[in-house]
Amino acid sequence: MALGSLPSEALEDLRGRFAGNLVGPADPAYEEERKVHNGAIDRRPALVAVCRGTADVVDALAFAREHGLPISVRGGGHNVAGRAVLDDGLVIDLSRMKGIHVDPEGRVARAEAGLTWKEFNRETQLFGLATTGGVVSSTGIAGLTLGGGLGYLMGKYGLAVDNLVSAEVVLADGRVVTADEENEPDLFWGLRGGGGNFGIVTSFEYRLHPVSTVTGGLMAHPIDDAGELLRFYRDLCETLPDEVVAFGALVHAPDGSGTKLGAIALCDLRPPGTDDTVVETVRGFGSPVVDALQPMPYETVNTLMDPAYPKGASNYWKTSMVSELSDQALDTLVECFSEAPSPMDAILLEHFHGEVSRVPVDATAYPHRKDGFNFGAVSEWLDPKLSDRCVAWARGTYSAMESYLSPERYVNYLEDDAPPEALTGAYGPNLDRLRAVKAIYDPENVFRSNQNIEPAPA
Ligand SMILES: Cc1cc2nc3c(=O)[nH]c(=O)nc-3n(C[C@H](O)[C@H](O)[C@H](O)COP(=O)(O)OP(=O)(O)OC[C@H]3O[C@@H](n4cnc5c(N)ncnc54)[C@H](O)[C@@H]3O)c2cc1C
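Computed from a predicted model, the values in this text were never measured in an experiment.

Looking now at the packing of helix H11 (residues 327-337) against helix H13 (residues 387-401). Packed helix pairs are characterised by how far apart their axes lie and by the angle those axes make with each other. For the pair H11 and H13, interaxial distance at closest approach is 10 Å and the crossing angle is 160°. By the angle class used here, H11 and H13 are roughly antiparallel. As H11 runs across H13, the sense of the crossing is right-handed. For the pair H11 and H13, the contacting residues are Ala329, Thr332 and Cys336 in the first and Thr397, Ala400 and Met401 in the second. Taken together, the residues of the contact of H11 with H13 break down into four nonpolar, two polar and no charged.

What follows is the structure, encoded as structure tokens:
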């Protein structure tokens, strides 16, 4: 529906009580407001409701429902599939809702849904506290948490969802509820991994942990050593204590030269000097060309990858959990990477172990609870002429790896054109309960601009 076809009195009425901004196609801010992190997403909403508080969210939702406008919900706008924006509908944009209160005694933080992890970490680190969040600091806390939320703290403290204490939610019928273990327990279960399927979360309450100076960063090696490096990384992961989370990667040098490198990035939460065995082992491998592993504040380690993911670059990712990380699989990765067309392309391996794998599969909606690796063919480019080749490369790399992959997929990494069976891969044994919870809280599927869980039939 075009904005012009909405009754102007209704729009003026909404504008009169709205604390934030209502931005339509004729407004100068429109071009900026419709952008998301992924520059390949080009959608034209009828209206963007830039909310300032829960009442704005309630009013925007009611307006959309009254006038038959489909809606999308935007937190940090980082999702690669770009479902935070939609054509001809209303975007309920929470990205300016950035309030946060940290209770250092109770070790909890109540955070509004528009915060990024950089903004969140800055406040909690004032008190030497943190919770599991994303490894690129511009990512929104909202979408990341609702899909699961993996990061450097997950070995010791579990995923972001495992640290969620409660959430304030605007439901499809406009009611505002608080969901936690005691109140609305089915909703609380579904929110912890089920994406934005059940309502609009206006704020999250997280459990915090003492984390301050860590050892983090990366070691990079010549691409000729990448096969050996990935084998070393795989074997190293078998030995890691909960406090250390490590990622293996094939990347390009950040100078734009196109130089290909193999790398291990890690974060050791133990205060430097407590036990540096892991760091020494990683440093002892091969002949690194970059040694950037050192003590640093936790909030810094989460910014190290930011320059590799600038806002507006185009992205196309294909990811899955790995069933078998054999030598052959690793050789396939190295071979595929040699064909990467963009100097920003990467292949990532994210390792899961420790607390994240101890939580029972049915304890939260997020189901991937065993030790192992997530694989990602991450294509990223600035030159629009590279689009077709980059998408083809990510798909081709995924196909080449398919026999080593499990059907399990992380919902927050699913591509825009993911096939329907991807949802089964994302939720596995929890999908039936998610559909039942959806039928209770959103039977008309108002919240469908996401990786959509259809309500179970009545
Ligand atoms: C460069 C980069 C790095 C990443 N790193 C990590 C990482 O380290 N760990 C990890 O787990 N994931 C990571 N991700 C994936 C990330 O978790 C998802 O992209 C996530 O959706 C981002 O959240 P957002 O709020 O920024 O996204 P948005 O695009 O704003 O939202 C994504 C979807 O979530 C839903 N949603 C958002 N806010 C709300 C809300 N308040 N209420 C209800 N529904 C809502 C909507 O359906 C929306 O379409 C990364 C992504 C990128 C692009």
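This part is about H13. End to end, H13 covers 21 Å across 15 residues, agreeing with the expected 21 Å (1.5 Å per residue, within 8%). On its buried face, H13 sits against strand S16 (314-321), H11, strand S17 (346-352) and strand S18 (372-381).

In the neighbourhood of the ligand, 38 residues make up the surrounding shell, with Gly75, Gly76, Gly140, Gly143 and Gly196 lying closest. Secondary structure elements with two or more residues in the shell around the ligand: strand S3 (71-74), helix H5 (141-147) and strand S10 (200-207). Ranked by the residues each element gives to the shell around the ligand, the list is headed by H5, at five residues.

Okay, the pairing of strand S14 (residues 260-268) next. Among the nine residues in S14, nine count as buried, and that is most of the element. Where burial is concerned, the two faces of S14 agree: the one with Lys260, Gly262, Ile264, Leu266 and Asp268 and the one with Leu261, Ala263, Ala265 and Cys267 are both buried. Pairing of strand S12 (residues 213-222) with S14 involves eight bridges; the strand directions are antiparallel. Across the sheet, residue Met219 finds its bridge partner in S14, namely Ile264. Alignment of strand S13 (residues 244-252) against S14, held across nine bridges, turns out to be antiparallel. Counterpart to Ala249 in the pairing with S14 is Ala263.

Once that is clear, we can look at the sheet that holds strand S6 (residues 108-112). Taken in spatial order, the five strands line up as S5-S6-S10-S8-S9 in an open sheet, and their pairing is antiparallel. Across the chains shown, the open sheet's two edge strands, defined by having one partner strand only, are strand S5 (100-103) and strand S9 (176-179). Strand-to-strand twist across the sheet, computed as the mean angle between neighbouring axes with direction ignored, equals 10°. Of the strands in this sheet, strand S8 (164-170), S9 and S10 touch helix H3 (residues 54-66), which is tilted by about 45° from S8.

Another point: the sheet that holds strand S15 (residues 290-297). Backbone-to-backbone hydrogen bonds pair the strands of a sheet. The strands run either parallel or antiparallel. The strand order across the open sheet formed by seven strands is S15-S12-S14-S13-S17-S18-S16, and the pairing between neighbours is antiparallel. Single-partner strands in this sheet number two, and they are S15 and S16. The average angle at which neighbouring strand axes cross in this sheet is 15°, direction not considered. Bridge analysis of S12 against S15 gives eight bridges, and the strand direction is antiparallel. Looking at S15, one finds that Gly216 is bridged to Gln294.

Time to look at H11. For H11, the complete set of buried residues consists of Ala329, Leu330, Leu333, Val334, Cys336 and Phe337. The arc that holds the buried residues of H11, viewed along the axis, is 165°, so those residues lie on one side. Looking at H11, the residues exposed on the side facing more than 90 degrees away from the buried face are Asp327, Gln328 and Glu335. Summarising the contacts, the buried residues of H11 are in contact with helix H8 (226-237), S13, S14, S17 and H13.

Moving on, we come to the pairing of S5. Two elements, S5 and S6, share four bridges in a ladder whose sense is antiparallel. Bridging from a neighbouring strand, Ile100 pairs with Ala111 of S6. Linking two consecutive strands that pair antiparallel, namely S5 and S6, is a turn of four residues; a positive phi of about 50° is found at Arg107 within it.

Glancing now at the nonpolar core. Ala49, Leu90, Ile92 and Ala249 are the most contacted members of the largest nonpolar core, which totals 145 residues. Top contributing element to this core by residue count: S13, with seven residues. Once residues within four sequence positions are removed from consideration, Ala49 is found in contact with Gly20, Leu22, Asp56, Ala60, Leu90, Val91, Ile92 and Asp93.

Attention now moves to the environment of Ala426. With respect to the helices and strands, the residue Ala426 is situated in helix H14 (residues 421-427). The spacing of Ala426 and Arg409 is 17 residues in sequence and 4.7 Å in space, taken between C-alpha atoms. Once residues within four sequence positions are removed from consideration, Ala426 is found in contact with Arg409, Val411, Leu414 and Gln451.

It is worth spelling out the environment of Gly75 at this point. With respect to the helices, strands and loops of the structure, Gly75 is situated in the loop between S3 and strand S4 (90-93). Separated by 67 residues in the primary sequence, Gly75 and Ala142 place their C-alpha atoms 5.5 Å from one another. Once you skip the residues sitting within four places of it in the chain, Gly75 turns out to touch Leu94, Ser95, Ala113, Gly114, Gly140, Ile141, Ala142 and Gly143.

Attention now moves to the domain arrangement of the protein. Under the domain assignment, the protein is made up of domain 1 (18-93), domain 2 (100-210 + 429-441) and domain 3 (213-413). Here the side of domain 1 that touches domain 2 takes five residues from H3, the largest share from any one element. Counted by class, the side of domain 1 that touches domain 2 contains six nonpolar, six polar and no charged residues.

What counts and what doesn't
- Starting from 1, residues in each chain are numbered consecutively following that chain's sequence as written.
- In keeping with the predicted nature of the model, local features appear solely for residues at pLDDT of at least 70, side-chain atom pairs appear and are counted solely at 80 or more, and the whole-chain, interface and lining totals rest on all residues.
- Axis definition: a line fit to C-alpha positions, over the contact stretch in the case of helices; interaxial angles, taken between N-to-C directions, run 0 to 180 degrees.
- Under the DSSP-based scheme used, a helix requires at least four consecutive residues in state H or I and a strand at least two consecutive residues in state E, with every element numbered from the N terminus.
- Any angle that is under 35 degrees is reported as roughly parallel, and any over 145 degrees as roughly antiparallel; angles of 65 to 115 degrees are reported as roughly perpendicular and all others as oblique.
- Each crossing gets its handedness from the near helix: less than a right angle anticlockwise from the far helix is left-handed, clockwise is right-handed.
- A pair of residues counts as a contact when their C-beta atoms, built from backbone coordinates, are within 7 Å of each other.
- Classification convention: Asp, Glu, Lys, Arg as charged; Ala, Val, Leu, Ile, Met, Phe, Trp, Tyr, Cys, Pro as nonpolar; all other residues, Gly among them, as polar.
- What a helix is expected to span follows from its residue count: subtract one and scale by 1.5 Å.
- Here, nearness is defined through the C-beta atom: a residue counts as near a molecule or strand if that backbone-placed atom lies within 6 Å of it.
- Every C-beta atom is placed from the backbone, and the number of other C-beta atoms within 10 Å of a residue's own sets its class: buried at 20 or more, exposed at 12 or fewer, partly exposed in between.
- Any two strands with at least two DSSP-identified bridges between them are counted as paired.
- Note that the arc is computed from the directions linking the helix axis to the C-beta atoms.
- When buried Ala, Val, Leu, Ile, Met, Phe, Trp, Tyr and Cys residues are joined through C-beta atoms within 7 Å, the set is termed a nonpolar core.
- All the domain ranges listed were derived from an automatic or database domain assignment.

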